[in-house]
Amino acid sequence: MYDNFQSDFLVIGSGIAGLNFALQVSKYGTVAIVTKKELMESNSNYAQGGIAAVLDKHDSFKSHIKDTLTTGCFINDKKAVEVLVKNAPKQIEHLINVGVGFSRENGKLCLTKEGGHSERRIAYVNDATGKEIERALLHQIRHHKNISTFESHIAFDLLIKNKKCIGALVFDTEKNEILQFSAKATIIATGGAGQVYSRNCNPKIATGDGVAMAASIGAKIRDMEFIQFHPTALALKNKPAFLISETVRGEDGILKNKNGKEFMDKYHKLHNLAPRDIVSRAIFAEMKKNQTNHVFLDIRHKGSAYIKKRFPYIFEKLWWFGIKMDKNMIPVAPAVHYICGGIHTDTNGETNIPGLYAFGEVAHTGVHGANRLASNSLLECLVFSDRAIRSVAKYIENELQLPTYTPHTHKVVKPTTVIFNQIKNKKRSIQKMMWNNVGIVREEKKMKKTLKKLLNLEIEIEKIFNKGISAPIIELRNINRVAILITKAALERKESIGCHYRLS
Ligand code: FAD
Ligand code: SIN
């Protein structure tokens with residue numbers, strides 16, 4: 001028995017981009033939000049550092065624009081960057097109105113600094129900014145009469161009729177059922193793709209589903225080669241690559257090598273606060289030189305009381321891993337963090353496919369160029385989901401009827417242990433290949449070999465998928481498709497620039 005859920009707007013994803021859009025567009029019609037796991041589970045929920053915006057009288061739009069372009073190596077879309085930066089203060093005000101409790105001192109918003117910024121311009125909520133924004137948005141959404149939410153629902157194919165996107169096929173992972181969600185406008189807000197790589201600091205949901213689904217119906221995809229590594233993820237054997245926020249360096253944390261010596265002065269004039277691609281490669285170089293698998297981040301000099309108050313979340317997490325950040329240096333190494341490319345859109349979230357919109361990390365608006373400036377991502381989610389409201393609402397004015405049910409031929413099959421293990425092993429081998437061969441330093445020969453393997457895997461994965469759908473096979477299919485897009489893009493771009501660094 002297949003159901004068909006109809007709404008004016010279908011939002012795929014419940015991170016900050018999806019939730020912010022859903023909340024505001026709900027005055028124009030009914031909204032269905034489908035999300036893979038629980039509503040809170042998203043990259044957004046783990047965002048630590050904060051949101052960049054010009055909020056201080058000594059700062060200027062010109063300076064924020066310049067920092068964004070410099071970090072992006074000047075291949076950003078300049079118009080999109082202007083839109084991003086000039087709308088930032090308004091978005092902070094909007095969040096305050098929604099109920100976000102930003103950190104303040106004497107009533108004034110606290111501002112911090114991160115790599116590539118020439119001013120203190122990052123508003124934050126201690127070291128767990130994303131969680132507080134998700135909380136505030138969900139508080140408004142949960143009982144909203146125009147918004148229906150569907151947890152444990154994973155979208156796996158977009159529906160096209162008369163060249164327009166009219167919704168998606170969605171797999172309910174609890175009931176093991178395929179459902180059709182039909183809508184006048186479909187919004188992809190599925191976030192990032194960190195899980196394409198073995199060492200990453202993204203949650204498990206970040207498997208690049210939106211890009212994979214959109215690419216398969218002919219949406220334009222851009223800049224997939226620009227995979228951003230975060231320089232400081234925890235590097236402890238058998239422990240996750242837990243992110244240690246760049247704001248730790250923004251508040252004077254220092255990178256040191258295995259002998260306890262500072263090294264960033266050798267690599268960039270901004271030392272510990274150079275753009276992320278530069279710091280990540282510097283750390284890799286130090287690790288190679290000293291034959292270690294990490295360097296250290298040291299903030300002990302700021303004192304216990306300050307550290308516990310400013311970084312309570314990181315302090316507690318590290319404590320569970322056996323590290324006291326007020327007494328020990330933190331072992332860190334780069335990990336995949338963010339994808340600068342994605343589904344190409346204009347500054348109103350429109351893709352090249354009528355009825356299909358994208359914003360947030362899944363989208364490519366061109367604001368990041370070859371490398372993203374720290375704390376510009378939450379900002380991008382807010383600015384472009386907000387701008388899309390008017391264009392999407394206008395689009396549905398001409399769509400007079402809700403799309404009806406379209407039959408499909410997919411089967412649902414619970415994977416046997418053998419199939420499940422096959423899926424797990426294929427996923428691991430893709431993640432390892434991508435880390436080793438399409439990672440921080442790239443070589444033509446290795447990338448070509450990887451692409452060949454990925455294309456062969458695509459055929460094997462498709463066979464498993466066609467036998468029967470399950471959540472692990474949907475994700476594996478998407479991870480592989482995104483890995484192919486990244487590798488092809490990395491092969492096409494011959495020069496080294498920003499996050500894309502080639503030896504040959
Ligand atoms: P997400 O928040 O990732 O949400 C995507 C949603 O889509 C999730 O709900 C997911 O479950 C759902 N989904 C995915 N696929 C499907 C599917 N097939 N079907 C249904 N649902 C699906 N940026 C900053 O600007 N400042 C920071 O301080 C900062 N800190 C960060 C810290 C960490 C540890 C990480 C990982 C990222 C950080 N970033 C930061 C980046 C930023 O958090 C993300 O880029 C941003 O939150 C992305 O938001 P989003 O709404 O686009 O996607
Ligand atoms: C961090 O807190 O270091 C993450 C900030 C970002 O990704 O913009």
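Everything numeric in this text was worked out from a predicted model, so none of it was measured. (Residues numbered from 1 in each chain as written. Chains lettered and ligands numbered in written order. Predicted model: local features only at pLDDT ≥ 70, side-chain atom pairs only at ≥ 80, totals over all residues. Heavy atoms only, no water.)

With respect to the overall build of the protein
Along its length, the protein carries 14 helices and 19 strands. Expected size for 504 residues packed as a compact globule is a radius of gyration near 23 Å; at 22 Å, the protein falls within 12% of this value. Residues counted as buried form 62% of the 504 residues belonging to the protein. Residue pairs in contact within the protein that sit at least 24 positions apart in sequence constitute 73% of those at least 6 positions apart. (Helix = DSSP H or I, 4+ residues; strand = E, 2+ residues; numbered from the N terminus. Rg over C-alpha atoms; globule rule 2.2 N^0.38 Å. Buried < 20%, exposed > 50% of the residue type's maximum accessible area, 1.4 Å probe, protein only. Contact = heavy atoms within 4.5 Å.)

Overview of the nonpolar core
The biggest cluster of nonpolar side chains holds 66 residues, and the ones touching the most others in it are Val196, Tyr197, Ile430, Met434 and Ile486. Per-element tally for this core: the top contributor is helix H14 (residues 471–492), with 11 residues. If near-sequence neighbours (up to four positions away) are discounted, Tyr197 is found in contact with Ile227, Val336, Gln431, Met434, Trp435, Val438, Gly439, Arg442 and Ile486. In this structure, Ala47, Val83, Val100 and Leu378 belong to the second largest nonpolar core, which totals 54 residues. (Core = buried A, V, L, I, M, F, W, Y, C linked by side-chain atoms within 4.5 Å.)

Notes on unusual backbone geometry
Of note, the phi angle at Lys163 is positive, near 65 degrees, even though the residue is not glycine. Within the fold, Lys163 resides in the loop between strand E9 (153–161) and strand E10 (164–172). The phi dihedral of His271 is positive, around 50 degrees, even though this residue is not glycine. Its location among the elements puts His271 in the loop between strand E14 (254–256) and helix H8 (276–290).

Here's the deal with the site of ligand 1
Every one of the 39 residues lining ligand 1 counts as a neighbour, but Ser44, Gly49, Glu361, Ser377 and Leu378 are closest to it. Within the backbone of Gln48, one N or O atom sits 3.2 Å away from a nitrogen atom of ligand 1. The separation between an oxygen atom of ligand 1 and a polar side-chain atom of Glu361 is 2.6 Å. Calculation on ligand 1 without its partners gives an accessible area of 1,000 Å², and the protein chains cover 98% of this total. Contributions of two or more residues to the shell around ligand 1 are made by helix H1 (16–25), E9, strand E16 (330–339) and helix H11 (377–397). Residues belonging to the shell around ligand 1 are distributed by class as follows: 15 nonpolar, 19 polar and 5 charged. (Near = heavy atom within 4 Å. Polar contact = N/O pair within 3.5 Å; in protein donor to acceptor, adjacent residues only side chain to side chain. Areas by Shrake-Rupley, 256 points an atom, 1.4 Å probe, with all protein chains shown as cover. Nonpolar A, V, L, I, M, F, W, Y, C, P; charged D, E, K, R; others polar.)

Focus: the site of ligand 2
In the neighbourhood of ligand 2, the contacting residues comprise Gln48, Gly49, Glu114, His230, Leu243, Ser245, Glu246, Arg276, His337, Arg372, Ala374 and Ser375. Side-chain polar atom of Glu114 to an oxygen atom of ligand 2: 3.5 Å apart, as the coordinates give it. At 2.8 Å, a side-chain N or O of Arg372 approaches an oxygen atom of ligand 2. Against a free-state accessible area of 260 Å², the protein chains account for coverage of 92% of ligand 2. Partitioning the shell around ligand 2 into residue classes produces 2 nonpolar, 6 polar and 4 charged.

A look at the side chain of Glu114
Here Glu114 shows up in the loop between strand E6 (111–112) and strand E7 (122–123). A polar atom in the side chain of Glu114 sits 2.4 Å from the side chain of Ser375. Setting aside residues no more than four positions away along its own chain, Glu114 makes contact with Gly49, Gly50, Ile122, Glu246, Thr247, Leu273, Arg276, Ala374 and Ser375.

A short note on the sheet that holds strand E12 (residues 221–222)
The strand order across the open sheet built from 3 strands is E12-E17-E19, with neighbouring strands paired in mixed fashion. Unpaired on one side and paired on the other, E12 and strand E19 (363–364) mark the two borders of the sheet. Direction of pairing for E12 relative to strand E17 (residues 342–344): antiparallel, over a ladder of 2 bridges. Residue pairing across strands places Ile221 opposite Ile343, the latter belonging to E17. Set on the sheet, helix H6 (residues 209–216) makes contact with E12 and E17; between it and E17 the angle comes to about 45 degrees. (Pairing = 2+ DSSP bridges. Axes fitted to C-alpha atoms, helices over the stretch in contact; angles between N-to-C directions.)

Points about the sheet that holds E7
Taking strand neighbours across the sheet as the criterion, the 3 strands line up as E3-E7-E6 in an open arrangement whose pairing is antiparallel. If you trace the sheet from one side to the other, it starts and ends with strand E3 (51–52) and E6, each paired once. Relative to E7, E3 runs antiparallel, the two sharing 2 bridges. Bridge pairing links Ile51 to Ala123 in E7.

Remarks on the packing of helix H13 (residues 444–467) against H14
At a minimum axis separation of 9 Å, H13 and H14 run at an interaxial angle of 155 degrees. If you check the angle between H13 and H14, you find them roughly antiparallel. Here H13 runs over H14; the crossing is left-handed. Seen from H13, the contacting residues are Glu444, Met447, Lys448, Leu451, Leu454, Leu455, Leu457, Glu458, Ile461, Glu462, Ile464 and Phe465; seen from H14, they are Ile473, Ile474, Leu476, Arg477, Asn480, Arg481, Ala483, Ile484, Thr487, Lys488, Ala490 and Leu491. (Parallel < 35°, antiparallel > 145°, perpendicular 65-115°, else oblique. Left-handed = near helix turned anticlockwise from the far one by under 90°.)

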